[in-house]
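# Reading the structure
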Amino acid sequence: MEQLLQINELSVDFQTPNGSLNAINKVSLQMGRGEVVCLVGESGSGKTITSLSIMRLIDYSKGKIVQGDITLDGNSLVGLSQKEISQLRGKKIAMIFQEPMTALDPVFTIGFQISEVILRHQKVSKLKAKEEAIQLLRRVGIPEPEMRYNQYPYELSGGMRQRAMIAIALACGPELLIADEPTTALDVTIQAQILNLLQELRKELGMSILLITHDLGIAAEMADRVVVMYAGQIVEQSKTLPLFEQPHHPYTQGLLRSIITLEQDRSARLYTIDGAIPSLTALPSGCRFHPRCPYATERCRAEEPALESIDDREVACWHASELQQNDHPLRLAAEQRERERTLELSGRRSDAVLDYDSLAEVEPLISVQGLKKHFPVKSGLLQLSKRHVRAVDGVSFDIYKGETFGLVGESGCGKSTLGRVLLQLDRATGGQVLFKGKDLLQQNVKERKNVRSEMQIVFQDPYGSINPRWTIEDIIGEPLWVHESLKGAAKREKVQEVMKLVGLNPSWYNRYPHEFSGGQRQRIGIARAIVLRPDFIVADEAVSALDVSVQSQVINLMQDLQEQLGLTYLFIAHGLTVVRHISSRIGVMYLGKLVEVAPTDELFAHPAHPYTKALLSAIPVADPTARREYAPIQGEMPSPASPPSGCRFHTRCPAATDRCRTEEPQLQSIGTGHRVACHYPL
Amino acid sequence: MSIVSNSISSDAALPLAAQRKRRKLRLRKVTFPQLYITASLVYLLFLLVSAITPQLLTHYSPTAMNASELLQSPSLQHWLGTDHFGRDLWTVLVYGSRQSLLLGVVSVLIGGIAGLLLGLVAGYFGGIVDTLLMRLTDILMTIPGTLLAIVIAVAIGPTFFNVILAISISTIPSKARVIRSTVISLRSRMYVDAAKAIGTSHLQIMLRHILPGCWSPLLVMTTIGVGTSILAGTGLSFLGLGVIKEIPDWGYLLSEGRSYMTVAWWIAAFPGLFITLLVVAFNLLGDELRDRLDPKK
């Protein structure tokens, strides 16, 4: 294959107030024409910096290429001035970003932003540019492109914005498209659409794609070749198939084992890589992965391995070839250790099996009946015309003691609002929430305060949900102080007890949040939620913001705590594999309505609602041999301010009939514990 | 409990790194920042001494006029020269520091506290409370600050305390506005939601979660405000609404000196310098205080 991009021993430094910081170190990679290369790794591994270096965009954030070379089509990019490189940007190399919300300029129309690129690089008339722009919008699958041309970014949904971004990137037919986590901020169904689009465009235009992602499922689906980065270095690169079949580097192995699949045994603990990715200011000696590596030896601690060719790939590991032998002592020792560890923990996980036949007689811990939450939207002259966003629109379900109820759906379906209403963070518009038989919505201030000690919440964002100005002791101890007026030594003692429980070192009680990693902060959030020993915890996307390896650590912790403290969870998430692993029952929400409720295994085996089925088929599978030829569900979720008549899903449903358009289906039982709101369940 | 011990040991790299970072910071701090903080403290200490016991710092009398020594330039006898009445300028400045400091600091304190309370309540509760309070400050804002101070001073009589009050009221709207917008952004933070979920009362959320985030903008506004308040006091005195005492405050001296700029620059320059240094000193100390309150620094 003809080489398009070549990166040679590239090192990039950033100037910070504390001196210069080496962000990526001797990164080398090649890309052929028409090839799709995936750059994978956890956050902080240097993937984005590498891609920004190619565009030389690092120059704008005090970054500097200190060593190495980047050549595109035989021309070096390193020595070019900003003016020269800007001639290439958009024309030869184009980039799409993670956040389609912020990457588009809000004050210009979509059409203007596309034509701008065309006019900049090609000598054409404005009219011609407009025609081309509309053509592009049509090509990336934006309906009614003539109308969209004149719209501003805020008028488009997230998926549409990402399509518009792609249209801008394609405007001058680049040879290399860099896509930095292009689907991370999108829902699975939209993600599948966008990935499909990228595949089509590559075939059509023959461009190369450098796809940056943390999701190995996406890599398996898209990549010809995969490059794995860790702490600013490449640790392994290989063709996709061999990499997934037999990963050589222990980090790649760990990443692959951390993936939660739809087939794996739900009662087993999730595999985790110990610890977290090191900060660039405190890199370990020798091999940067050694503190987390199960096979690390003295040599790994002292010397840094270089990237070397073994078999058909490049790996940076001292023991790469030895580890390929099944009976090598290093492997045997590591396997032994792991066996001991699992043995110690075995017998602790008993999947709370509910007897769904006798549920009618058991009193649920929480019973939600006809719950509604409408937000008024004011608009028009003097803000007088009022409409309502029906975030939650008549939802009923029960949660039983000791179980984990998973709630899934695309963003905007109302699942987070539902969680907030249960906890009285937002006031319900109508309906009932019975907690242990008492209606929470009818309580006075004092009763509400008391019930708060029995139900708690863990938030998605580990950075925003704890006060950066408080010490860990104060953060975790806040509930103790509020409810039991504990102070001083008594409070500290209880806080330290909980810190031990969630796997934090109790001697860290006087530290501040910024000294902790994302995973550790999430543990702090969990500690705060359990310190009063509540019965019920709402986990609102509690692991969505975490990297794969850390995510598994936190899920294991949550399950351990559930067992030890007899907790009941409402687990709200959009990651279906995670929800499948942790939940005993799952509810699927669409546009403010619950469309299907079923025990987990039943739901995944026999999804009865077309929407559930679409969600399940949109999950990327981390197996390059199982690449799917499928048609992702079309369209996007309509606005909850004006939901469609009848069945709300009918606008996207492949099986919709006239009855669906006019008559709203009710939740009906179709099996033990399996209820679905569809006229024609699958 | 082996999961627990495992994750503890694997996270052990962190405290080391954090420690190293802390040590590095401490070493760096010894040099330049330390110097200007010390200088600011020394200057404020000097002002404090001159406000309490001015006689320690000079042997002249601030009211003794000497017709034979009008408008003399700085010399060994008169360090900063003499003014148009033949008074020793250094002495007048030292004696005038009590009034200037009181005027500057007290008015800023009153204005700051009132602005903080208004902004906090309006921003936190929003809705009708916010609308009412903000329309009130809007009304105050439509009148230029000095004009408002004049109106108040006229209405309640030109005593020293009333002048302070008048000036502080005129600074409330801008402070309340800034604090309100800070509070609105803090209010939507997740940790405030978390506190509500815990059952923390509104008062405690305001005091313990929101208020600490307001110090930074408040410190910046108040430290700069000290200088402006002193000059605003001058404006009032200039119009005959302030209190004119035998010993002029710095602002008054500054405006008097303006008319002699061409023949005796020092009369206006030195009071100006004193005020500038006061503002700079407060600013530097305010920044330092803000950094100390921020656990990340």
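Residues numbered from 1 in each chain as written. Chains lettered and ligands numbered in written order. Predicted model: local features only at pLDDT ≥ 70, side-chain atom pairs only at ≥ 80, totals over all residues. Heavy atoms only, no water.

### Let's talk about the overall build of chain A
Across its full length, chain A holds 23 helices and 24 strands. The globule rule puts the C-alpha radius of gyration for 682 residues at 26 Å, and the 26 Å found for chain A is close to it. Its C-alpha atoms give chain A principal-axis dimensions of about 75 × 65 × 45 Å. Counted over contacts in chain A with a minimum sequence separation of 6, partners at least 24 positions apart contribute 68%. (Helix = DSSP H or I, 4+ residues; strand = E, 2+ residues; numbered from the N terminus. Rg over C-alpha atoms; globule rule 2.2 N^0.38 Å. Contact = heavy atoms within 4.5 Å.)

### A short note on the overall build of chain B
Check the secondary structure of chain B and you find 11 helices and zero strands. Along chain B, helices (α) and strands (β) appear in the sequence α-α-α-α-α-α-α-α-α-α-α when read from the amino end. Within chain B, residue pairs in contact and separated by at least 24 positions form 72% of the contacts whose partners lie at least 6 positions apart.

### Some points on the domain arrangement of chain A
For interface size, the figure often reported is the accessible area lost on association. Here chain A is partitioned into domain 1 (3-109 + 172-245), domain 2 (110-171), domain 3 (250-263 + 278-345) and domain 4 (363-454 + 534-676). When each unit is reduced to the centre of its C-alpha atoms, the spacing between domain 2 of chain A and domain 3 of chain A is 46 Å. (Domains from an automatic or database assignment.)

### Things to note about the packing of helix H4 (residues 110-121) of chain A against helix H5 (residues 126-139) of chain A
Residue and element names in this part refer to chain A. It is the contact of H4 with H5, at a shortest axis distance of 9 Å, that shows an interaxial angle of 115 degrees. Seen along the crossing, H4 lies across H5 with a hand that is right-handed. Side by side, H4 and H5 meet where Ile 110, Ile 114, Ser 115, Ile 118 and Leu 119 of the first sit next to Lys 126, Ala 129, Glu 132, Ala 133, Leu 136 and Leu 137 of the second. By residue class, the composition of the contact of H4 with H5 is eight nonpolar, one polar and two charged. (Axes fitted to C-alpha atoms, helices over the stretch in contact; angles between N-to-C directions. Left-handed = near helix turned anticlockwise from the far one by under 90°. Nonpolar A, V, L, I, M, F, W, Y, C, P; charged D, E, K, R; others polar.)

### Looking at unusual backbone geometry
Residue and element names in this part refer to chain A. One non-glycine residue, Lys 62, lies in the positive phi region at around 60 degrees. Checked against the element boundaries, Lys 62 lands in the loop between helix H1 (47-54) and strand S4 (63-72). Residue Lys 62 is classed as exposed on the basis of its relative accessible area of 59%. (Buried < 20%, exposed > 50% of the residue type's maximum accessible area, 1.4 Å probe, protein only.)

### Side note on the sheet that holds strand S8 (residues 208-213) of chain A
Residues and elements named next belong to chain A. Ordered in space as S6-S7-S8-S3-S9-S10-S12-S11, the eight strands form an open sheet in which the pairing is mixed. The sheet is open, and its two edges are formed by strand S6 (93-96) and strand S11 (308-310), each paired on a single side. When strand polarity is set aside, the average angle formed by the axes of neighbouring strands in this sheet is 20 degrees. Relative to S8, strand S3 (residues 36-40) runs parallel, the two sharing five bridges. (Pairing = 2+ DSSP bridges.)

### So, the sheet that holds strand S2 (residues 19-32) of chain A
Residue and element names in this part refer to chain A. Here we have four strands laid out as an open sheet, ordered S2-S1-S4-S5, and antiparallel in their pairing. The open sheet is flanked by S2 and strand S5 (75-76), the only strands paired with a single partner. Two strands pair when backbone bridges link them, and strand S1 (residues 3-16) and S4 are joined in this way by eight bridges, in the antiparallel orientation. In the sheet register, Leu 5 faces S4, and the bridge partner there is Leu 72. Its contacts with the sheet place H1 against S1, S2 and S4, and it is angled at close to 110 degrees to S1.

### Thoughts on a nonpolar patch on the surface
A cluster of nonpolar residues, B:Leu45, B:Leu48, B:Val49, B:Ile52 and B:Leu56, forms a patch on the protein surface that exposes about 500 Å² of accessible area. As for its position among the elements, B:Leu56 is in the loop between helix H3 (32-52) and helix H4 (89-125). (Patch = residues over 30% accessible without salt bridge, like charges linked within 9 Å, V, L, I, M, F, W, Y side chains within 5 Å. Areas by Shrake-Rupley, 256 points an atom, 1.4 Å probe, with all protein chains shown as cover. Salt bridge = Lys/Arg side-chain N within 4 Å of Asp/Glu carboxyl O.)

### Considering the environment of A:Asp180
Residues and elements named next belong to chain A. Summarising the element assignment, Asp 180 is placed in strand S7 (residues 176-180). Asp 180 sits in the buried class, given a relative accessible area of 7%. When the C-alpha atoms of Asp 180 and Leu 52 are compared, they prove to be 9.4 Å apart, with 128 residues separating the residues in sequence. When residues no more than four places from it in sequence are discounted, the contact partners of Asp 180 are Thr 48, Ser 51, Met 95, Ile 96, Phe 97, Gln 98 and Ile 212.

### Observations concerning the packing of aromatic side chains
Residues and elements named next belong to chain A. Counting across every chain of the model gives 18 aromatic pairs over all chains. Residues Tyr 590 and Phe 649 carry aromatic rings whose centres are separated by 5.0 Å and whose planes lie at 85 degrees to one another, so their mutual orientation is edge-to-face. Linking Tyr 590 in strand S21 (residues 585-590) with Phe 649 in the loop between helix H22 (610-617) and helix H23 (658-662), this pair joins segments that are 59 residues apart in sequence. Here the two residues Tyr 590 and Phe 649 agree in accessibility, since each one is buried. (Phe/Tyr/Trp six-rings, centres within 6.5 Å; stacked < 30°, edge-to-face > 60°.)

### A closer look at the pattern of salt bridges
All names here are of chain A. Under the definition given, this model contains 43 salt bridges over all chains. In this structure, the salt-bridge partner of Asp 312 is Arg 313, at a minimum N-O distance of 3.7 Å. Overall, Arg 313 belongs to the buried group, its relative accessible area being 5%. Overlapping salt bridges bring together Arg 33, Asp 73, Lys 92 and Glu 175 as one network.

### Looking at empty space enclosed by the protein
Gaps left between atoms are located by rolling a probe of water-molecule size over the structure's atoms. Residue and element names in this part refer to chain A. According to the stated counting rule, one finds seven cavities of 30 Å³ or more in the structure shown. Reported here for the largest cavity is a volume of approximately 90 Å³. If you go around the largest cavity, you meet 15 residues; those closest to its centre are Pro 250, Cys 287, Cys 293, Cys 300 and Cys 317. Counted as a void, the second largest cavity has a volume near 70 Å³. Taken together, His 609, Pro 610, Cys 647, Phe 649, Cys 653, Ala 655, Cys 660, Cys 678, His 679 and Tyr 680 form the lining of the second largest cavity. Of the residues assigned to the lining of the second largest cavity, the class counts are eight nonpolar, two polar and no charged. (1 Å grid on protein atoms, 1.4 Å probe; cavity = no way out; pocket = protein on both sides within 12 Å on 5 of 7 lines; lining within 4 Å. Points joined across faces, edges and corners; volume = space filled by probe spheres on them.)

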